[in-house]
Amino acid sequence: MAAFTRPRNLVLSALAVGVLSALYVYVTTMLEATGFGKTYINVNTTSCRQVGYGVLHGCEDIVVDPHTGLAYLACGSLAARQRWLNPGDAYDVSHEKEVDRVYVMGEGDTYSEIRLLEAAADSTLVPFSQSLRLHGFDIYWDPANPRLMTFMFINHQLDRAAVSIFTHVRGADHMVHVETTTSGMLHSPNNILAMSPRSFYATNDIKYDHGTMRALSANLRLADGQVVYRNDSGSFSIAASGIRYPNGIARYQDWIYVASCTDPGVRIYRANSDHTLRLQGRTYIRDGIPDNLFVDPQSGQVYATAFLKVGQTHRLFRNPSLETSRTAGTRILRLTQRSDASQGFDAESLLVDSGELMPTATIAAVQRHNQSQRLLVGCVMCHALAVCDL
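What counts, and at which threshold
- Residues numbered from 1 in each chain as written.
- Predicted model: local features only at pLDDT ≥ 70, side-chain atom pairs only at ≥ 80, totals over all residues.
- Heavy atoms only, no water.
- Pairing = 2+ DSSP bridges.
- Helix = DSSP H or I, 4+ residues; strand = E, 2+ residues; numbered from the N terminus.
- Axes fitted to C-alpha atoms, helices over the stretch in contact; angles between N-to-C directions.
- Buried < 20%, exposed > 50% of the residue type's maximum accessible area, 1.4 Å probe, protein only.
- Contact = heavy atoms within 4.5 Å.
- Disulfide = S-S within 2.5 Å.
- Salt bridge = Lys/Arg side-chain N within 4 Å of Asp/Glu carboxyl O.

**Q** Help me out: how do you make sense of the sheet that holds strand β14 (residues 236-243) in this one?
**A** In a beta sheet, neighbouring strands pair by backbone hydrogen bonds and run either parallel or antiparallel. Strand order across the open sheet formed by four strands is β11-β12-β13-β14, with antiparallel pairing between neighbours. On the outer flanks of this sheet lie β11 (189-194) and β14, each paired with one strand and no other. When strand polarity is set aside, the average angle formed by the axes of neighbouring strands in this sheet is 20°. Here strand β13 (residues 225-230) runs beside β14; their pairing, made up of six bridges, is antiparallel. In the sheet register, Tyr 229 faces β14, and the bridge partner there is Ser 237.

Structure follows, in structure tokens:
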């Protein structure tokens with residue numbers, strides 16, 4: 001009897017060691033990534049300043065026109081955003097005293113609003129009538145005429161998650177609604193990559209759009225996030241799956257990059273002929289949780305914002321009135337893809353803000369004009385935009 005018991009005990013012991021080892025790796029990895037117990041100091045922030053306090057607030061995403069250097073910002077009310085940003089919370093439309101807005105910003109610190117319009121039955125243009133809760137967005141430029149632009153916005157409407165598409169002519173003070181599209185596959189969209197005037201890739205950060213299961217998925221780091229593809233005919237399909245909280249998405253040439261939050265890093269893909277995405281490599285990001293991505297069209301380098309103190313970030317998202325009394329902090333990374341994509345990126349820490357400039361950040365975009373360049377830093381739950389000279 002003892003001869004049979006000993007091997008079984010050895011197997012159980014080996015399993016216990018394996019489970020404890022995996023748990024140790026999980027705990028230490030997440031403590032490192034979420035900044036638990038760490039203190040951060042500012043690095044390369046002396047040239048930074050706030051711009052547009054009280055107007056350029058809640059600017060979660062920024063896209064820069066590579067032809068002109070004009071920057072486009074999707075901004076919105078903090079009071080409303082803190083309620084749809086935390087799915088499952090009770091929503092009260094009385095908090096929507098201010099509609100979300102789109103701004104354009106030139107090389108100086110001046111900016112102006114681009115009005116969102118739609119065609120009425122008599123073809124006159126009137127204000128966009130659908131609800132608008134802006135999150136990530138992207139722009140498609142017509143290759144034959146880059147002045148013609150198609151804006152695609154993740155739109156968190158109360159009854160559905162959607163993508164609202166508008167056309168814009170550079171220099172105009174408005175854009176015109178083309179369509180708002182949705183699908184059962186577009187259940188929890190976070191960010192978007194425009195591929196043509198109608199087609200796009202979008203990240204579904206978690207399988208569940210609200211409730212206890214969404215919280216469990218995030219806390220247990222379940223690999224249930226996806227990237228979905230919408231073709232020119234309007235059909236949706238799954239392009240990639242098994243991703244832990246996919247967030248920002250961007251591309252350079254034939255490469256497509258996806259940020260993963262709860263498996264902190266950036267994944268490198270290439271598209272197959274059927275528009276599914278083929279994983280080529282990834283880079284793990286230590287000491288930070290990545291959010292949105294921006295690709296420098298000149299160098300191909302990827303700029304990623306990373307939350308430093310994640311617990312404080314969650315507090316800020318639930319109560320932005322805390323401002324810098326809860327210093328979540330941000331690291332901005334510049335990633336250079338290696339010649340062998342399977343080896344991921346070389347990562348450089350470009351800037352660290354302990355929370356003095358902004359509580360945290362969700363996007364960092366390079367804006368160039370002639371010989372000057374600077375970094376525009378936005379945040380979904382902050383009161384202003386930050387501008388840093390490079």
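**Q** Got a minute to help me understand the side chain of His 57 in this structure?
**A** Following the sequence through the fold, His 57 ends up in the loop between β1 (48-51) and β2 (61-64). By relative accessible area, His 57 is classed as buried at 10%. Beyond its immediate chain neighbours, meaning those up to four positions away, His 57 contacts Cys 75, Gly 76, Leu 78, Glu 98, Cys 382, His 383 and Ala 384.

**Q** Sorry if this is basic, but what is going on with the state of the cysteines here?
**A** Covalent bonding between the sulfur atoms of two cysteines defines a disulfide. Summed over all chains, the structure comprises three disulfides. Residue pairing for Cys 59: its cysteine sulfur links by disulfide to Cys 75, the two sulfurs lying 2.0 Å apart. Across the S-S bond of Cys 59 and Cys 75 the torsion is about 95°, and the bridge reads as right-handed. Taken together, the residues Cys 59 in the loop between β1 and β2 and Cys 75 in strand β3 (residues 71-75) connect sequence positions 16 residues apart. Residue pairing for Cys 379: its cysteine sulfur links by disulfide to Cys 382, the two sulfurs lying 2.3 Å apart. Taking the torsion about the sulfur-sulfur bond, which here is approximately 60°, the covalent link between Cys 379 and Cys 382 counts as right-handed. Each member of the pair, Cys 379 as well as Cys 382, is classed as buried. Assigning the bonded cysteines of the protein consecutive numbers by sequence position, one obtains the connectivity 1-6, 2-3, 4-5.

**Q** I'm lost on the pattern of salt bridges in this one. Help?
**A** Under the definition given, this model contains 14 salt bridges. For Asp 389, the salt bridge is made with Arg 49, and the minimal N-O distance between the two is 3.9 Å. Taken together, the positions of Asp 389 in strand β25 (residues 385-389) and Arg 49 in strand β1 put the pair 340 residues apart, joining distant regions of the chain. Under the relative-accessibility criterion, Asp 389 is labelled partly exposed at 42%. On the accessibility criterion, Arg 49 (30% relative accessible area) is partly exposed. The salt bridge partner of Asp 173 is Arg 115, with a shortest N-O separation of 3.3 Å. Of the two residues, Asp 173 is situated in the loop between β9 (160-169) and β10 (174-181) and Arg 115 in strand β5 (residues 111-119); the sequence distance between them amounts to 58 residues. A residue is classified by how much of its surface remains accessible, and Asp 173, at 42% relative accessible area, is partly exposed. With relative accessibility at 40%, the residue Arg 115 sits in the partly exposed group. One salt-bridge network, held together by shared partners, links Arg 49, Asp 109, Arg 374 and Asp 389.

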